[in-house]
Amino acid sequence: MGKKNQNDKSKSIHDILPLDLIHIILLRVPIRHLARLRFVSKLWCSLISDPDFAALHFHHSPVATKACFFVEKDTMADLVYLDDNNASQKEVCPPFQKKARSGFLVLGSCRGFILLHRDPHFLVVWNPLTGTSKRISYSHIVHRSKPPAPWIAYGVYLHGFGYDASQDDYLLLVAWCDCKGQYHLDCFSLRTNSWINLDAAVPKLLGRHYWHSGGLFFNGAVHWVPFELNDYRDAIVIFDLKEMTFSTISAPEQLSCSCPSVALLGGCLALSSRNDDCRKTDIWVMKEYKVHSSWTLYQIPCKDFRPLCLSSNGDIIGRGYIYCGKTGYFIYNVRGDLLRHFKNLCCQLSYRPNTVYTASLLPLPSDIKDKDNKKKMKKEIGHQVHHEYFEQPDVAKG
């Protein structure tokens, strides 16, 4: 009897569950926990690190892990995780030298990657969960851009970051103005590792306003809004990454012109702006994309409220300031009732919208190995399974 119990204890999880079932279970594990499970064994590390598994988990995971990402101390950043009942934060160090003289600017996010700007003239695409990063220089643009600014992260210049599913490619956009006042658009492809000039696509309206530099990626396109709305028409500028063309969306006629911001709420495009009475925030949600009549108004009794995402119950999660002195992250229902106030979390209140980051294990195109090599690796790992995990169960337990 004692010998039988001893044998049962020596069994690993691979003796009990088939690999296919383990694969199905891991696909349902929240991404924050999944990253740690890579260290259970070599087999699990190989399975979770596989690009195909990462893609399946990103598209089919029942619960997406969302976090508010913002700069804290110029050289450090925070991920604030929010859901219906809990909140937590994690300090992360961007892939820069610790002794760097200048801070960085967050310009957007897409599929688990964050786009950062760092002086003097380079961009970085970074996955905080996996640590994967790629540095892209735009010095060739800086030398031709309008003085006196030696950078293009502020003012009328635009940045965009998105994913073109038709080409399985991540694209970086930089709109800039030369010394003659002419506007240009350059696009960097991570798959080809090269810059493409798209000047022919630049609309004249880019020169009208000062824009929020970082755009919002949604529905295969990047979206920008200006700091101040002079006209509700053509309020949102869109660049379609597949067609490589610009278009616009008109805002609701009743939208306040004071520092609007764009967000994604429950799979719908949304605009938020401080109400004229300065004690409320108007949130307009476009229920049907590019259908102007589908704009729907929700009012939140919170000053300078910036919506971030929706909870699993459909409530609005955001950060802001209430007239009675409360700051931080709040959860409101669509009727404007305050459901939760998270007090003890880092909260950045500024005109620049916080970036909402959706965690993933997805690799950059340059990190995806050749399919033949990948199949060969899987075959080799399969031959090693019996030796590594059945004959040496202590390794699997570790």
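Scroll up a little and you will see the structure.
Keep in mind that what you see is a predicted model, and the values were worked out from it rather than measured.

(A) Geometry of the overall build of the protein chain. Assigned secondary structure in the protein chain consists of nine helices and 24 strands. Pairs at least 24 apart in sequence give 49% of the contacts found in the protein chain among residues at least 6 apart. A total accessible area of about 20,100 Å² is found for the protein chain, and carbon and sulfur atoms account for 51% of it.

(B) Here's a closer look at the pairing of strand E9 (residues 169-177). Of all the nine residues making up E9, nine are buried; the element is thus mostly covered by neighbouring parts of the structure. Side chains Asp169, Leu171, Leu173, Ala175 and Cys177 of E9 all project onto a buried face; the interleaved residues Tyr170, Leu172, Val174 and Trp176 project onto the opposite face, where all are buried too. Strand direction decides the pairing type here: strand E8 (residues 158-164) and E9, joined by seven bridges, are antiparallel. If you follow tyrosine 163 over to E9, its bridge partner there is tyrosine 170. Where E9 meets strand E10 (residues 183-189), seven bridges bridge the pair, whose relative direction is antiparallel. From the neighbouring strand, alanine 175 faces E10, where its bridge partner is leucine 185.

(C) Layout of the packing of aromatic side chains. All chains considered together, the criterion is met by 10 aromatic pairs. Seen in terms of ring centroids, phenylalanine 113 and tyrosine 170 are 5.4 Å apart; in terms of plane orientation they differ by 70 degrees. Their pairing is edge-to-face. On the criterion of sequence distance, the pair formed by phenylalanine 113 in strand E5 (residues 113-118) and tyrosine 170 in strand E9 is long-range, its members being 57 residues apart. The buried category is assigned to tyrosine 170, whose relative accessible area is 2%. Three or more aromatic residues joined by ring pairs make a cluster, and in this case those are Phe113, Phe161, Tyr163 and Tyr170. The aromatic ring of tyrosine 232 is capped on one face by arginine 233, whose charged end is 5.9 Å from the ring centroid.

(D) The sheet that holds E8, seen in detail. Reading across the sheet, the four strands line up as E8-E9-E10-E11 and stay open at both edges, with antiparallel pairing between neighbours. Of all strands in the sheet, those with a lone pairing partner are E8 and strand E11 (194-197), marking the two edges. Taken over all neighbouring pairs, the strand axes of this sheet differ in orientation by 25 degrees on average, direction set aside.

(E) The sheet that holds strand E13 (residues 221-224), seen in detail. Pairing is antiparallel in the open sheet, where four strands are placed in the order E12-E13-E14-E15. Unpaired on one side and paired on the other, strand E12 (216-218) and strand E15 (245-249) mark the two borders of the sheet. Between one strand axis and the next, the sheet turns through 30 degrees on average, direction left out of account. Strand direction decides the pairing type here: E13 and strand E14 (residues 236-240), joined by four bridges, are antiparallel. Residue alanine 221 lies in a different strand from E14, and its bridge partner there is aspartate 240.

(F) Summary view of the environment of valine 92. For valine 92, the location among the structural elements is in strand E3 (residues 87-92). Taking the C-alpha atoms as reference points, valine 92 and aspartate 78, separated by 14 residues in sequence, lie 5.8 Å from one another. If we skip the residues at most four places from it in the chain, valine 92 touches Phe69, Met76, Ala77, Asp78, Leu79 and Trp126.

(G) Examining the nonpolar core more closely. Counting residues in hydrophobic clusters, the biggest one holds 70 residues, and the most contacted among them are Leu26, Phe69, Leu116, Val125 and Leu172. The leading source of residues in this core is E9, at eight residues. Listed in part, the 17 residues of the second largest apolar core include Ala235, Ile238, Leu255 and Leu269.

(H) The arrangement of the pairing of E14 in detail. Within E14, four of the five residues are buried, which leaves the element mostly enclosed by the surrounding structure. Judged from the five bridges that link them, E14 and E15 form a sheet pairing that is antiparallel. Its bridge partner being in E15, phenylalanine 239 is matched across the sheet by phenylalanine 246. Once E14 ends, the chain turns through four residues before running back antiparallel as E15, passing methionine 244 with a positive phi of about 60 degrees.

Criteria and thresholds
- Residues numbered from 1 in each chain as written.
- Predicted model: local features only at pLDDT ≥ 70, side-chain atom pairs only at ≥ 80, totals over all residues.
- Heavy atoms only, no water.
- Helix = DSSP H or I, 4+ residues; strand = E, 2+ residues; numbered from the N terminus.
- Contact = heavy atoms within 4.5 Å.
- Areas by Shrake-Rupley, 256 points an atom, 1.4 Å probe, with all protein chains shown as cover.
- Buried < 20%, exposed > 50% of the residue type's maximum accessible area, 1.4 Å probe, protein only.
- Pairing = 2+ DSSP bridges.
- Phe/Tyr/Trp six-rings, centres within 6.5 Å; stacked < 30°, edge-to-face > 60°.
- Lys NZ or Arg CZ within 6 Å of the ring centre and 35° of its normal.
- Axes fitted to C-alpha atoms, helices over the stretch in contact; angles between N-to-C directions.
- Core = buried A, V, L, I, M, F, W, Y, C linked by side-chain atoms within 4.5 Å.

Remember, this is a structural readout, not a statement about activity or role.
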